[in-house]
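So the chains spell out like this:
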Amino acid sequence: MKTPVRVAVTGAAGQIGYSLLFRIASGEMLGKDQPVILQMLELPMEKAQAALKGVMMELEDCAFPLLAGMVGTDDAEVAFKDADIALLVGARPRGPGMERKDLLLENAKIFTAQGAALNKVASRNVKVLVVGNPANTNAYIAMKSAPDLPAKNFTAMLRLDHNRALSQLANKAGVAVGEIEKLVVWGNHSPTMYPDYRFATVNGQSLKDKINDADWNANEFIPKVGKRGAAIIEARGLSSAASAANAAIDHIRDWVLGSNGKWVTMGIPSDGSYGIPKDVMFGFAVTTKDGEYTMVKDLPVDDFSQKAIDKTLAELEEERAGVSHLL
Ligand code: NAD
Ligand code: LMR
């Protein structure tokens, strides 16, 4: 039997938490032979703690053979203690009359504290995925608040955007999702993101040969992927949850177990490539192997792509400037 992996999940009693925890406990994220200990964080409010207790009762009732232990707490230092993986899902949602800037500042406080707690008590190799919005900037804040942990271990979720783009492309080209490779979503998890299929292939053949339609790309595909989160909220009255949890599982599974040479999109701290300033938490194409990711470098950037990348970078720089006084 393998040693259990400690997986911390914040916002554990929320919508995404409810779609995520059971799949982690059943082995879908780390493998069917890998025991896990779930360390779940929720707000101290009575309602949140009661909901968390209910989720833990249901986890217990599943009798998952791989679930080697559970902790439910309102203390980040308890939730993150020796954590090997931390999924930071809990965040302050936008309230009535709240400006984007207010949201940024409220979340900056949460992610400063959680970054500091990770810095203090987590495994020195902890792999962190930030899902809570604004995900890229929250991940940047957590990274900057954890100076003793490797910066490269802090990532933001763009996998949902990657998966959304895959499905749109597969529909348009009339091919199976699994046949498409070499897709990338550049930048911020926001409507400025740039889903880019210039390098994509289907069974080794260029996808551009099947979808040679600049108008569809600029006026349908890119806006549709970028605004998909808002479209889900409009349709459901709630933001995406099962698909977000699924993307989080894809992100961590590939990071830990490897992508077998395939490109996936991860929000990672820039190393200065593609003119993205160092440390900006930006969506890039990566491949993963042996628990490490490697950025796909030296892709050609045409005028259209450069403009799209500049736009999403400008937004991230603005978000970064808005929270810099707290770091
Ligand atoms: P939710 O409101 O259903 O659940 C969030 C939970 O987090 C709540 O139970 C809340 O009590 C808890 N929480 C809030 N602040 C916390 C804190 N400081 N510590 C611990 N727990 C805390 O929301 P949800 O639908 O699960 O979404 C969670 C976040 O994920 C939101 O910010 C949402 O915008 C974001 N999201 C991101 C993506 C992505 O692709 N990156 C996709 C979908 C949703
Ligand atoms: C999504 O992409 O589905 C979410 O980030 C939307 C949101 O604002 O919660």
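That block above? That's the structure.
Residues numbered from 1 in each chain as written. Chains lettered and ligands numbered in written order. Predicted model: local features only at pLDDT ≥ 70, side-chain atom pairs only at ≥ 80, totals over all residues. Heavy atoms only, no water.

Where helix α1 (residues 15–25) contacts helix α9 (residues 242–257), the two axes come as close as 8 Å, and the packing angle between them is 40°. When the axes of α1 and α9 are compared, the pair comes out oblique. Our pair here, α1 against α9, has a crossing hand that is right-handed. In contact with Ile16, Ser19, Leu20 and Arg23 of α1, α9 contributes Ala242, Ala244, Ala245, Asn246, Ala248 and Ile249. Looking at the contact of α1 with α9 residue by residue, the class counts come to seven nonpolar, two polar and one charged. (Axes fitted to C-alpha atoms, helices over the stretch in contact; angles between N-to-C directions. Helix = DSSP H or I, 4+ residues; strand = E, 2+ residues; numbered from the N terminus. Parallel < 35°, antiparallel > 145°, perpendicular 65-115°, else oblique. Left-handed = near helix turned anticlockwise from the far one by under 90°. Contact = heavy atoms within 4.5 Å. Nonpolar A, V, L, I, M, F, W, Y, C, P; charged D, E, K, R; others polar.)

A few words on the pairing of strand β5 (residues 127–130). A two-sided burial pattern is seen for β5, the buried positions comprising Lys127 and Leu129 on one face and Val128 and Val130 on the other. Pairing between strand β4 (residues 85–88) and β5: four bridges, direction parallel. Bridged to Ala86 within β5 is Val128. Following the chain from β4 across helix α4 (residues 100–121) to the adjacent parallel β5, one finds a crossover that is right-handed. Pairing geometry for β5 and strand β6 (residues 154–156), over three bridges, is parallel. (Buried < 20%, exposed > 50% of the residue type's maximum accessible area, 1.4 Å probe, protein only. Pairing = 2+ DSSP bridges. Right-handed = clockwise from strand over helix to strand, strands pointing away.)

Turning next to the packing of aromatic side chains. In the structure shown here, the tally under the stated rule is 11 aromatic pairs. Measuring from ring centre to ring centre gives 6.3 Å for Trp186 and Phe284, while their planes differ by 75°; the resulting arrangement is edge-to-face. Taken as a pair, Trp186 in strand β8 (residues 184–186) and Phe284 in strand β13 (residues 281–289) lie far apart in primary sequence, 98 residues in all. Take Trp186 and Phe284: they sit in the same class, and that class is buried. When the ring of Tyr197 is compared with that of Phe221, the centres are 5.4 Å apart and the planes differ by 85°; the resulting orientation is edge-to-face. Separated by 24 residues along the polypeptide, Tyr197 in the loop between β9 (194–196) and β10 (201–202) and Phe221 in helix α7 (residues 214–226) bring together distant segments of the chain. As far as the burial class goes, Tyr197 and Phe221 line up, both buried. An aromatic cluster is defined as three or more aromatic residues linked by ring pairs; in this entry it consists of Trp186, Tyr274, Phe282 and Phe284. Between the NZ or CZ atom of Lys208 and the centre of the ring of Tyr197, over which it lies, the distance is 5.0 Å. (Phe/Tyr/Trp six-rings, centres within 6.5 Å; stacked < 30°, edge-to-face > 60°. Lys NZ or Arg CZ within 6 Å of the ring centre and 35° of its normal.)

Once that is clear, we can look at the site of ligand 2. All residues adjacent to ligand 2 are Asn133, Arg164, His189, Gly229, Ile233, Ser239 and Ser240. Asn133 places a polar side-chain atom, nitrogen or oxygen, 2.8 Å from an oxygen atom of ligand 2. A distance of 2.7 Å separates an oxygen atom of ligand 2 from a polar side-chain atom of Ser240. Among the residues forming the shell around ligand 2, the class breakdown is one nonpolar, five polar and one charged. (Near = heavy atom within 4 Å. Polar contact = N/O pair within 3.5 Å; in protein donor to acceptor, adjacent residues only side chain to side chain.)

One open sheet accounts for three strands, arranged β7-β10-β11; its pairing is antiparallel. Edge positions in the sheet fall to β7 (180–181) and β11 (205–206), since each has one partner strand and no second. Where β10 meets β11, two bridges bridge the pair, whose relative direction is antiparallel. Pairing of Val202 across the sheet is with Gln205, part of β11.

From the geometry alone we can't say anything about function, so treat these as descriptive.
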